[in-house]
Amino acid sequence: MRTPLRPLSRRGLLSGTLGSAALLALGGGLAGCGTKGAQQTEAGCVSEDLSGTERKLVFSNWPQYLDVDEKDESKRPSLDEFVRKTGITVTYTEDINDNNEFFGKVQHQLAACQSTDRDIIVLSDWMAARMSRLGWIQKLDPANIPNVRANLLPSLLDRSFDTENRLSIPWQSGLAGLAYNGNVTKELRTVDELLTRPDLKGRVTALSEMRDTMGLLLGAAGHDPANFTSAQFDDALTTLKKAVDSGQIRRFTGNDYAPDLAKGDIAACIGWSGDVVQLSGADEKVRFVAPDSGVMLYSDNMMVPNKATHKANAEQLINYYYEPAVAARLAAYVNYICPVKGAQAEMEKIDPELAANPLIFPDEALLSKSTLFMALDEKQEKEYEGKFQQVIGA
């Protein structure tokens with residue numbers, strides 16, 4: 001059964017808070033990254049694993065990112081099954097509402113090689129990359145997570161910030177692309193149309209998440225979002241600025257664009273696949289578009305932070321969620337891209353309509369258009385975020 005559109009998705013919570021305050025937080029966080037003592041090494045920050053004697057773990061996640069029993073919201077069927085199967089008690093908390101905010105909660109402990117009292121955390125690609133770069137994440141043992149190598153979608157294998165899939169394992173993924181409401185506008189196919197078509201002027205929104213909006217514009221300009229130069233970024237940014245200055249773009253949003261798109265208050269936008277899956281369930285004329293120039297693929301990732309004392313238990317949970325039947329149960333609730341091969345066949349038993357949805361189970365044609373945004377170092381992150389925020393007026 002398709003769940004109703006939730007007020008804020010993980011991606012929306014991340015991006016809905018972006019603005020001048022968030023930019024200041026980003027700058028402060030990045031400055032902290034460069035301070036003496038923040039960087040850790042595997043040899044210099046050793047973690048003890050007590051999983052052999054302590055059958056428990058603490059799992060921090062985003063709100064509404066785990067299946068819930070329809071009749072009893074205190075029950076989480078897939079997680080409850082894991083506990084029954086393994087005897088590992090899980091303390092599950094929904095205390096991640098924003099990547100930068102969570103970074104602020106844990107950065108002082110991790111910079112000092114101290115425990116965060118968490119065994120699994122779930123963070124978006126760019127924050128996973130930052131924490132990995134700082135040496136704050138424990139390496140996973142491939143022997144303990146065989147389902148990951150066997151079942152992880154090829155498009156998510158060996159990402160630039162984690163080339164061996166030893167530090168971060170996708171929990172759920174999604175696409176950033178175009179969306180339109182066919183009740184109030186004709187079909188939309190390209191980024192150029194979105195930014196220049198006269199009938200859409202003032203009826204368009206774009207995302208305040210730099211990597212998604214600029215990734216799409218880089219692709220539309222013929223550049224590779226996974227490998228671009230500063231000059232190429234500026235070229236794409238010029239196109240965005242023209243659309244802002246002309247009034248083509250009404251505003252930049254988190255996923256608060258979704259209700260406006262559903263009502264037809266905006267005609268088209270840059271948006272996220274998870275939102276559009278839910279909107280299209282109520283109105284099939286609200287559609288997601290993957291332009292030929294490409295869509296952006298992103299993930300929220302499970303990681304084990306330094307000084308977590310139950311790594312082997314955490315690896316058991318990660319491996320469990322890469323069982324296709326378990327992954328299908330989770331995907332049926334959250335409606336994001338399921339990163340697990342074989343889950344689509346299992347979804348047929350739960351909800352054939354969802355199993356046929358390419359925004360949950362992308363086909364090769366769609367995946368061939370998807371790109372991961374280039375992993376940025378500290379200097380690049382400050383440069384590109386700063387330029388983008390200036391253009392969008394945050």
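Residues numbered from 1 in each chain as written. Predicted model: local features only at pLDDT ≥ 70, side-chain atom pairs only at ≥ 80, totals over all residues. Heavy atoms only, no water.

**Things to note about the nonpolar core**
Logical step 1: In this structure, F59, M131, W171, L240, L317 and Y321 are the most contacted members of the largest nonpolar core, which totals 122 residues.
Logical step 2: Looking at which element gives the most residues to this core, the answer is helix α13 (residues 324-334), with eight residues.
Logical step 3: Setting aside its immediate chain neighbours within four residues, L317 contacts L57, F59, L79, F82, V90 and I120. (Core = buried A, V, L, I, M, F, W, Y, C linked by side-chain atoms within 4.5 Å. Buried < 20%, exposed > 50% of the residue type's maximum accessible area, 1.4 Å probe, protein only. Helix = DSSP H or I, 4+ residues; strand = E, 2+ residues; numbered from the N terminus. Contact = heavy atoms within 4.5 Å.)

**Quick word on helix α8 (residues 210-220)**
Logical step 1: Extensive coverage of α8 is indicated by the burial of ten of its eleven residues.
Logical step 2: Listed as buried for α8 are M210, R211, D212, T213, M214, G215, L216, L217, L218 and G219.
Logical step 3: Positive backbone phi, approximately 90°, marks G222, located one or two places after α8.

**Concerning the pattern of salt bridges**
Logical step 1: One pass over the structure, following the stated rule, counts 25 salt bridges.
Logical step 2: Where R251 meets D260, a salt bridge forms, and the shortest distance between an N and an O atom there is 2.9 Å.
Logical step 3: Between D265 and K263 there is a salt bridge, with its nearest N and O atoms 3.7 Å apart.
Logical step 4: On the basis of relative accessibility, which here comes to 58%, the residue K263 falls in the exposed class.
Logical step 5: Beyond isolated ion pairs, a larger network of salt bridges with shared partners links R130, R133, E209, R211, E381 and E385. (Salt bridge = Lys/Arg side-chain N within 4 Å of Asp/Glu carboxyl O.)

**Considering the packing of α8 against helix α9 (residues 230-245)**
Logical step 1: The interhelical angle for the contact between α8 and α9, taken along N-to-C directions, is 95°, at an axis separation of 9 Å. Judged by the inter-axis angle, α8 sits roughly perpendicular to α9. Counting all contacts with α8, which are made through M210, T213, M214, L217 and L218, the residues of α9 involved are Q232, F233, A236, L237, T239 and L240.
Logical step 2: Taken together, the residues of the contact of α8 with α9 sort by class into eight nonpolar, three polar and no charged. (Axes fitted to C-alpha atoms, helices over the stretch in contact; angles between N-to-C directions. Parallel < 35°, antiparallel > 145°, perpendicular 65-115°, else oblique. Nonpolar A, V, L, I, M, F, W, Y, C, P; charged D, E, K, R; others polar.)

**Comments concerning the side chain of S124**
Logical step 1: In this structure, S124 sits in strand β3 (residues 120-124).
Logical step 2: Residue classification places S124 among the buried residues on the basis of a relative accessible area of 2%.
Logical step 3: Looking at S124, its side chain comes within polar contact range of the side chain of D300, at 2.7 Å. (Polar contact = N/O pair within 3.5 Å; in protein donor to acceptor, adjacent residues only side chain to side chain.)

**Structural notes on the packing of aromatic side chains**
Logical step 1: Applying the stated criterion across every chain, the model contains 13 aromatic pairs.
Logical step 2: Note on F252 and F388: the rings are 6.3 Å apart at their centroids and 85° apart in plane angle, and the pair reads as edge-to-face. In this pair, F252 is assigned in strand β6 (residues 249-253) and F388 in helix α17 (residues 378-392), connecting sequence segments 136 residues apart.
Logical step 3: Residue classification places F252 among the buried positions, given a relative accessible area of 17%.
Logical step 4: F388 sits in the buried class, given a relative accessible area of 0%.
Logical step 5: Here Y257 and W272 contribute two aromatic rings whose centre-to-centre distance is 6.2 Å and whose plane-to-plane angle is 55°, an arrangement assigned as tilted. Of this pair, Y257 sits in helix α10 (residues 257-263) while W272 sits in strand β7 (residues 268-272), placing them 15 residues apart in sequence. Neither Y257 nor W272 differs from the other in exposure class; each is buried.
Logical step 6: Here a set of aromatic residues connected by ring pairs shows up, and it is made of F59, F82, Y92, W171, Y320 and Y321. (Phe/Tyr/Trp six-rings, centres within 6.5 Å; stacked < 30°, edge-to-face > 60°.)

**Focus on the confidence of the model for the protein**
Logical step 1: On average, residues of the protein score 89 in pLDDT, and 90% of them are at 70 or above.
Logical step 2: Scored below 50 in pLDDT, residues 1-36 makes 91 contacts in the model with residues more than four places away or belonging to other chains. (pLDDT = per-residue confidence, 0-100.)

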